[in-house]
Amino acid sequence: MRIDAPYRVKLSALGIRKDMLLRIIRYGLPSGFANSVIALANVIVQSNINAFGEMAMAGCGAYAKIEGFAFLPVTCFAMGLATFVGQNLGAKQYDRMKKGVHQALGMSLIVSALLGALSAQIGYGVASIGGKDSMSGSFEDLDVPPTLVSFATAVGHVDRVVSHEFKKAGSR
């Protein structure tokens, strides 16, 4: 069927560009291989868990739901990052691409740490903050819940880290 429009598909012009195909394989094949290895590992782990019975399978299912909730933001960052990297790679904006990757990884790390801390606190059944390892547990008739210290997460170079402790003159 012929259409009189400003756009047109010419079947004779369709084809595979070898240079573009090689780039797609170069960037896509490692990712596909990694996903296949992860899927295979999950099958092996699940088959081993199934050998422990119904309770282990139910526990694994509950864990998968929690892990899915915590892993969703990281997956979203990765999906957005794939588009961002592809666009900047095509535009030859390599510096912008690297900066975006570093920022996305940093945001992913922060979100993961916060969601991990939240999941751990929900698992303990308490909002645990502060304390030291020696304070966790029981002492005489005093019960102290396990504590989790996670006030903030930041990414930075080790030379720029300043400690709040007094050690000796000139120490950081």
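Residues numbered from 1 in each chain as written. Predicted model: local features only at pLDDT ≥ 70, side-chain atom pairs only at ≥ 80, totals over all residues. Heavy atoms only, no water.

### Focus: the overall build of the chain
Scanning the chain from N- to C-terminus turns up 3 helices and 2 strands. Each helix (α) and strand (β) of the chain, taken in turn from the N terminus, gives the series α-α-α-β-β. Across the 172 residues of the chain, 9% fall into the buried class. Across the chain, the fraction of contacts at a sequence separation of at least 24, relative to all contacts at a separation of at least 6, is 31%. Here the chain displays about 14800 Å² of accessible surface, and carbon together with sulfur accounts for 65% of that area. (Helix = DSSP H or I, 4+ residues; strand = E, 2+ residues; numbered from the N terminus. Buried < 20%, exposed > 50% of the residue type's maximum accessible area, 1.4 Å probe, protein only. Contact = heavy atoms within 4.5 Å. Areas by Shrake-Rupley, 256 points an atom, 1.4 Å probe, with all protein chains shown as cover.)

### Observations regarding unusual backbone geometry
Of note, K92 is a non-glycine position whose phi angle comes to about 60 degrees, a positive value. Its location among the elements puts K92 in the loop between α2 (54-90) and α3 (94-124). Look at K92 and you get exposed, because its relative accessible area is 60%.

### Some points on the packing of helix α1 (residues 18-50) against α2
Where α1 meets α2, the closest approach of the two axes is 14 Å, and the angle between their N-to-C directions is 175 degrees. Here α1 lies roughly antiparallel to α2, going by the angle between them. Residues R23, Y27, Q46, I49 and N50 of α1 lie in contact with α2, whose contacting residues are A56, M57, C60 and L89. Of the residues assigned to the contact of α1 with α2, the class counts are 6 nonpolar, 2 polar and 1 charged. (Axes fitted to C-alpha atoms, helices over the stretch in contact; angles between N-to-C directions. Parallel < 35°, antiparallel > 145°, perpendicular 65-115°, else oblique. Nonpolar A, V, L, I, M, F, W, Y, C, P; charged D, E, K, R; others polar.)

### What about the pattern of salt bridges?
Once the charged atoms of two side chains with opposite charge are near each other, the side chains can pair. By the definition in use, this model includes 1 salt bridge. For the salt bridge of R17 with D19, the shortest nitrogen-to-oxygen distance reads 3.3 Å. (Salt bridge = Lys/Arg side-chain N within 4 Å of Asp/Glu carboxyl O.)

### Things to note about the side chain of N88
Relative to the assigned elements, N88 resides in helix α2. With a relative accessible area of 3%, N88 lands in the buried category. Looking at N88, its side chain comes within polar contact range of the side chain of R96, at 2.9 Å. If near-sequence neighbours (up to four positions away) are discounted, N88 is found in contact with Q93, R96 and M97. (Polar contact = N/O pair within 3.5 Å; in protein donor to acceptor, adjacent residues only side chain to side chain.)

### So, α1
A rise of 1.5 Å per residue sets the reference length of α1, with its 33 residues, at 48 Å; its end C-alpha atoms lie 46 Å apart and thus fit the reference within 8%. Along α1, the largest kink reaches about 35 degrees and is centred on G28; proline P30 follows within four residues of it. (Expected span 1.5 Å × (residues − 1). Bend = angle between axes of the 7 residues up to and from the residue.)

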